[in-house]
Amino acid sequence: MAALLKKTGREAVVMVPNDYPGFLKWMPGNDEVIVYRHSKEKADVCSTNENTSRILEVNGTPSGKGIYDAWGINPAEHIINYLQNSL
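Residues numbered from 1 in each chain as written. Predicted model: local features only at pLDDT ≥ 70, side-chain atom pairs only at ≥ 80, totals over all residues. Heavy atoms only, no water.

A.B. asks: Just checking my understanding: could you explain the overall build of the protein chain for this structure?
C.D. replies: Scanning the protein chain for helices and strands turns up 4 helices and 2 strands. Reading the protein chain from its N terminus to its C terminus gives the helix and strand order α-β-β-α-α-α. The proportion of buried residues among the 87 residues of the protein chain is 20%. For the protein chain, the accessible surface area stands at approximately 6,900 Å², while carbon and sulfur atoms represent 55% of it. (Helix = DSSP H or I, 4+ residues; strand = E, 2+ residues; numbered from the N terminus. Buried < 20%, exposed > 50% of the residue type's maximum accessible area, 1.4 Å probe, protein only. Areas by Shrake-Rupley, 256 points an atom, 1.4 Å probe, with all protein chains shown as cover.)

A.B. asks: Just checking my understanding: could you explain the packing of aromatic side chains for this structure?
C.D. replies: Working definition: an aromatic ring pair is given by the centre-to-centre distance plus the angle between the planes. Enumeration over the complete set of coordinates arrives at 0 aromatic pairs. Sitting over the face of the ring of Tyr20, Lys25 holds its NZ or CZ atom 5.0 Å from the ring centroid. (Phe/Tyr/Trp six-rings, centres within 6.5 Å; stacked < 30°, edge-to-face > 60°. Lys NZ or Arg CZ within 6 Å of the ring centre and 35° of its normal.)

A.B. asks: Could you clarify how one ought to interpret the environment of Asn18 in this entry?
C.D. replies: Along the chain, Asn18 falls in the loop between strand 1 (15-16) and strand 2 (34-35). Note: C-alpha distance between Asn18 and Ser39 (21 residues apart in sequence) is 9.9 Å. In this structure, Asn18 is in contact with Val35, Arg37 and Ser63, ignoring residues within four places of it in sequence. (Contact = heavy atoms within 4.5 Å.)

A.B. asks: How do you make sense of the environment of Met15 when you look at a structure like this?
C.D. replies: Relative to the helices and strands, Met15 is located in strand 1. On the basis of relative accessibility, which here comes to 16%, the residue Met15 falls in the buried class. Residues Met15 and Ile34, 19 residues apart in the sequence, show an inter-C-alpha distance of 4.6 Å.

A.B. asks: Looking at this model, I keep getting lost on the pattern of salt bridges. Mind explaining?
C.D. replies: Where side chains of opposite charge bring their charged atoms close, a pairing between them can arise. All chains considered together, the criterion is met by 2 salt bridges. As a salt-bridge pair, Lys6 and Glu32 come within 2.3 Å of each other at their nearest N and O atoms. Within this pair, whereas Lys6 is found in helix 1 (residues 2-7), its partner Glu32 is found in the loop between strand 1 and strand 2, the two being separated by 26 residues in sequence. Notably, a salt bridge pairs Lys25 with Asp19, separated by 2.8 Å at the nearest N-O pair. Using a relative accessible area of 33% as the deciding quantity, one classes Lys25 as partly exposed. (Salt bridge = Lys/Arg side-chain N within 4 Å of Asp/Glu carboxyl O.)

A.B. asks: I would appreciate a short explanation of a nonpolar patch on the surface in the present structure.
C.D. replies: A contiguous nonpolar surface patch, about 490 Å² in accessible area, is contributed by Ile79, Tyr82, Leu83 and Leu87. Here Leu83 falls in the partly exposed class, since its relative accessible area comes to 43%. (Patch = residues over 30% accessible without salt bridge, like charges linked within 9 Å, V, L, I, M, F, W, Y side chains within 5 Å.)

Written out as structure tokens, the structure reads:
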């Protein structure tokens, strides 16, 4: 998704709550990924821009809580809104 956004001239930052398995690190752009658990200050700076679009994967685990809190996002609220508008 980040590569597609960058090709269209948009700024994209990939942030993950914690590190992921090494077999996924071959992917293009891996060197730009911000691991929230290790770089909270850098992640928080990214979150202060109100004009930033956010694409979040919500997989039901609590690992993303720090990112959601830093960005002031309540995933449950967004899921409910999505479901209400989709039905």
